[in-house]
Amino acid sequence: MSVAIELKPESNAPAAHSAELSVAVAGMTCASCVGHIEKAIAKLPNVSKVTVNLATERAAVIFAGSADAGAVVEAIERAGYQVPETAVDLRVEGMTCASCVGHLEKALARVPGVIAATVNLATEKASIRYYGGVASVEDLEAAIRGAGYEPRRIAIDGAPSDQQALARDQELRSLRGSLLFAAVLALPVFALEMGSHLIPAVHDFIMRTIGMQTSWLIQFALTTLVLFGPGLRFYQKGIPAILRGTPDMNALVALGTGAAWGYSLVATFAPGVLPPGTANVYYEAAAVIVALILLGRFLEAKAKGRTSEAIRRLVGLQAKTARVARGDTMIEIALADVRTGDIVQVRPGERVPVDGEVVDGNSYVDESMITGEPVPVAKSAGASVVGATINKTGAFTFRATNVGADTVLAQIIRMVEQAQGSKLPIQAMVDKVTAWFVPAVMGIAALTFAVWLVFGPDPALTFALVNAVAVLIIACPCAMGLATPTSIMVGTGRAAELGILFRKGEALQTLRDVTVVALDKTGTLTKGRPELTDLEPAPGFEYDEVLALIASVETQSEHPIGEAIVAAAKARNLSVRSPQAFEAIPGFGVSARVGGHEVQVGADRFMIGLGHDVSVFAALASELGAQGRSPLYAAIDGKLAAVIAVADPIKDTTPEAIRALHSLGLRVAMITGDNQATALAVARALGIDEVVGEVLPDGKVAALNRLRAGGRKVAFVGDGINDAPALAAADVGLAIGTGTDVAIESADVVLMSGDLRGVVNAIALSKATIRNIRQNLFWAFGYNAALIPVAGGVLYPLSGTLLSPVFAAGAMALSSIFVLGNALRLRVFQPVIASHERAEGEAS
């Protein structure tokens, strides 16, 4: 696993110069590890908040002042865990002598986060060890350039997610080997001991052939190999944890297996030390427990790998190379070598390498990985393209505008990783319990041993040992530690696949409790740009002829209404000509001569002033007004020619989204700066419950506060630009994204598609994720609450039932697998409402 330490300002912290470190931590195995690390880091000066996540294996530390990465690393290592490092080799051009080496090493050493830098003149290579995130490869390259040399990447430096996936694969291989070794050795131990107890024929065979003492010696040899071979990891971490006074899961396993092995060792080699009748061996318990717990670890590692599958899929969307102009030719280079301003060529079927702006060519691009919409988008000169989207038909060239960590895909990956690493409010309860859970279990095990030793039947020492070991083994709090973060990882990953980005993990829980969804109108409910919605020609006039003449006049107007009319004419491929004698009459309208025709366009008062009777359109004008559309009129060659209306039309998907929100039991409100009559007309058409109209941007916060009356939680949905204050003030702010501008700092959630259906799906996914977390916590706590007393022997006086340490180990592994399996169900979460195109595609 590579280090991933990110240094960034924390916008929500009260301090003026606060910063956050995100540190990868190796060696955590259970929820108690989380508590130990959080306590160790919290003791550092200026640390205002620390959050450790078991599933992502990261610690997020917020400092009241400047961040001290070294102190955090030392605290983690003192607590008995590791902070891995990242290493990179860069080729350096331009070095000529030993002094170049010294200059370059000093320049690299000055980069914050660099641990060590070694430069070799003969190989022209710099080898750097650093905490990735505090320093990046780009920072190292900038330092080399600043020293007067030119860096070249030897290989593309993988994203943190790629490196973590590689480390997890290595961990899986190691666990698989250890598991096989332990299972092969534990199986004959189990067969010799348990077979002798359960099957009389096996007992007789052992006694006739090798004898009981030889059997014990064989079990001793095999068990010792298991405990101090693949099982050594538990002792290496568990015993130091006990000595530090911070016991964890490894400590429980070490104590339980060590006690069983140590007791059996005495029974084998010094039976006279034990009370009469108590010289029994429990080698099979120690060996099989190690094998079963390794099995659980192996299955956990596989399942945890699948929880971050969404990130790996996102990383896998990146192109590996790009065709870039170098002089008069196009050459293929590594993606990491693409620079801002490069001219990049994309052929049919290829992925767009980086973000940019089309300079030549036409095509259709599949942007479903960004927006969730399956219909390809037309691209021509001036259009923006997003890295990792797929070019479908034509070829085009574009100018790279964002590369590396600045691309939309990189922003998405960062957002998902940040959300996955967050800790929800519901986790606070888990943290309080796990802080004392392991010490409490050790106390319960000690009490169990004492009670059985004093009050148990003969042989009391044997009963005491077996039950105490069973308590230690069954109570490992793995499931508690995994219950919340695995659900968050899978839920936020699935959300990203649906075009829903949770910038703040807390929103995943808060969104579930929202009772009112407040919507901005322009750009959220509507398309955000005026369009020609109505044109009714008078008798004797043709639709296309009237539209062409009106559009020709409006080519001289800079008003959005004029632009909408011109756009409508061009969409119908009508001939739009340059007008003559254009005149604008403020407050009334415009007039001009087009191809020999006198044309006037304006309000009813303009037409009345020209002597036209607009009452012939009275019914239609009244209907348009009820819909919130202001009618305009056109006169051609002295005759009233048409009534027209330009409005910001409601998005096609908005009515369906409003109905779906109501079906979830939510009230829907609209907050808009439009006049109250227009706002009410839109609300009536859509079935919106509450309307707050004529609100300036800074007044939206006050409107939100009014909607909170009665303790209601309010989510606000806006376009993320002029709605920033309201997005920040709402209980949950959801920003309608554009597909290319995802870094909306004021929002808690970003909806990539600009589609209100994403709000419905975000709320539904929030409910599903929190429900999944509660299921996991119920199982984890209920499992321990029910089985710890059983392991202690509480059922023995009633039914003679005791829980073997071997079965305790199996049940403990099953608990964690259940939690992980339940969390993985979120991977198949289906959106409440999907795009019609996608639904039709799935149906076919």
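Residues numbered from 1 in each chain as written. Predicted model: local features only at pLDDT ≥ 70, side-chain atom pairs only at ≥ 80, totals over all residues. Heavy atoms only, no water.

The protein goes by P-type Cu(+) transporter in an unreviewed UniProt entry, where it is assigned to Sphingopyxis bauzanensis. In the Subcellular location (unreviewed entry) part of its UniProt record, the protein is described as follows: "Cell membrane". (UniProt positions renumbered as here; feature names shortened; annotations may be inferred.)

A cis amide bond, omega -5°, links D458 with the succeeding residue P459. Mapped onto the fold, P459 is located in the loop between helix 14 (427-455) and helix 15 (460-474). Located in the positive-phi region is N46, a residue other than glycine, with phi close to 70°. Summarising the element assignment, N46 is placed in the loop between helix 1 (31-42) and strand 3 (47-53). The phi torsion at A388 lies on the positive side, around 85°, for a residue other than glycine. If you trace the backbone, A388 turns up in the loop between strand 15 (384-385) and strand 16 (390-391). Residue A388 is classed as buried on the basis of its relative accessible area of 0%. (Helix = DSSP H or I, 4+ residues; strand = E, 2+ residues; numbered from the N terminus. Buried < 20%, exposed > 50% of the residue type's maximum accessible area, 1.4 Å probe, protein only.)

This paragraph deals with the pattern of salt bridges. Under the definition given, this model contains 17 salt bridges. The partner of R512 in a salt bridge is D513, with the nearest N and O atoms 2.8 Å apart. Take R512: its relative accessible area is 28%, and that puts it in the partly exposed class. Among the salt bridges present, the one from R572 reaches D544, with a minimum N-O distance of 2.9 Å. Separated by 28 residues along the polypeptide, R572 in the loop between helix 20 (560-571) and strand 21 (580-585) and D544 in helix 19 (residues 543-554) bring together distant segments of the chain. The partly exposed category is assigned to D544, whose relative accessible area is 33%. Members of the salt-bridge network, linked through shared partners, are E138, E141 and R153. (Salt bridge = Lys/Arg side-chain N within 4 Å of Asp/Glu carboxyl O.)

Judged by nonpolar contacts, the single largest core of 146 residues is most densely connected at M28, I41, V72, I76, L511, V517 and L734. For this core, the element with the highest residue contribution is helix 27 (residues 757-792), accounting for 15 residues. Non-local contacts of V72, meaning those with residues more than four positions away in its chain, are made with L21, V23, I41, L44, V61 and F63. F541, L549, L632 and V643 belong to the second-largest nonpolar core, a separate cluster that totals 40 residues. (Core = buried A, V, L, I, M, F, W, Y, C linked by side-chain atoms within 4.5 Å. Contact = heavy atoms within 4.5 Å.)

Together, L447, V451, L453, V454 and F455 make up a nonpolar patch on the protein surface, roughly 520 Å² of accessible area in all. Residue position: F455 is located in helix 14. Residue F455 is classed as exposed on the basis of its relative accessible area of 68%. (Patch = residues over 30% accessible without salt bridge, like charges linked within 9 Å, V, L, I, M, F, W, Y side chains within 5 Å. Areas by Shrake-Rupley, 256 points an atom, 1.4 Å probe, with all protein chains shown as cover.)

Below, the discussion takes up the side chain of N467. Assignment of secondary structure puts N467 in helix 15. On the basis of relative accessible area, N467 is assigned to the buried category, the value being 0%.

Further remarks concern helix 20. Across its 12 residues, helix 20 extends 16 Å between first and last C-alpha, which sits within 8% of the 16 Å expected from 1.5 Å per residue. Listed as buried for helix 20 are G562, A564, I565, V566, A568 and A569. Each element contacted by the buried residues of helix 20 is listed here: strand 20 (531-537), helix 19 and strand 25 (639-647). Looking one or two residues past helix 20, N573 carries a phi angle of roughly 60°, positive in sign. (Expected span 1.5 Å × (residues − 1).)

Across the sheet, three strands lie side by side as 14-13-16; this open sheet has antiparallel pairing. Edge strands, defined here as strands with exactly one partner in the open sheet, are strand 14 (377-379) and strand 16. (Pairing = 2+ DSSP bridges.)

A separate point is the packing of aromatic side chains. As enumerated under the stated definition, the model contains 12 aromatic pairs in all. With centroids separated by 5.4 Å and ring planes inclined at 75°, the aromatic side chains of F228 and W261 adopt a geometry described as edge-to-face. Of this pair, F228 sits in the loop between helix 7 (211-227) and helix 8 (232-244) while W261 sits in helix 9 (residues 249-269), and the two are 33 residues apart along the sequence. On the numbers, 5.5 Å between centres and 15° between planes, the contact of W452 with F463 is stacked. Of this pair, W452 sits in helix 14 while F463 is found in helix 15, placing the two residues 11 residues apart along the sequence. For W452, a relative accessible area of 9% puts it in the buried group. Lying across the ring of F588, R605 places its NZ or CZ 5.6 Å from the centre. (Phe/Tyr/Trp six-rings, centres within 6.5 Å; stacked < 30°, edge-to-face > 60°. Lys NZ or Arg CZ within 6 Å of the ring centre and 35° of its normal.)

Spatially, 20-25-24-23-22-21 is the arrangement adopted by the six strands of the open sheet, whose pairing is antiparallel. Lying at the two open borders of the sheet, with one neighbouring strand each, are strand 20 and strand 21. Strand-to-strand twist in this sheet, taken as the mean axis angle between neighbours without regard to direction, amounts to 20°. This element, helix 19, spans strand 20, strand 21, strand 22 (589-594), strand 23 (597-602), strand 24 (631-636) and strand 25 of the sheet and lies at about 105° to strand 22. (Axes fitted to C-alpha atoms, helices over the stretch in contact; angles between N-to-C directions.)

Along the polypeptide, C33 turns up in helix 1. For C33, a relative accessible area of 0% translates into the label buried. Once the C-alpha coordinates of C33 and G80 are considered, the two residues, 47 residues apart in sequence, prove to be 9.4 Å apart.

Right, let's talk about the packing of helix 15 against helix 27 for a bit. Running from N to C, helix 15 and helix 27 point in directions that differ by 165°, and their axes come no closer than 8 Å. Regarding the angle of helix 15 to helix 27, the classification is roughly antiparallel. The handedness of the crossing between helix 15 and helix 27 is right-handed. Counting all contacts with helix 15, which are made through N467, A470, V471 and I474, the residues of helix 27 involved are Y783, N784, L787, I788, A791 and G792. Residue composition of the contact of helix 15 with helix 27, by class: seven nonpolar, three polar and no charged. (Parallel < 35°, antiparallel > 145°, perpendicular 65-115°, else oblique. Left-handed = near helix turned anticlockwise from the far one by under 90°. Nonpolar A, V, L, I, M, F, W, Y, C, P; charged D, E, K, R; others polar.)

Turning our attention to the pairing of strand 26 (residues 667-671). With respect to burial, strand 26 is a largely interior element, four of its five residues being buried. Note that strand 19 (residues 516-520) and strand 26 share five bridges and pair parallel. Paired with V517 across the two strands is V668, which belongs to strand 26. Pairing between strand 26 and strand 27 (residues 690-692): three bridges, direction parallel. Within strand 27, the position partnered with A669 by the bridge is E690.

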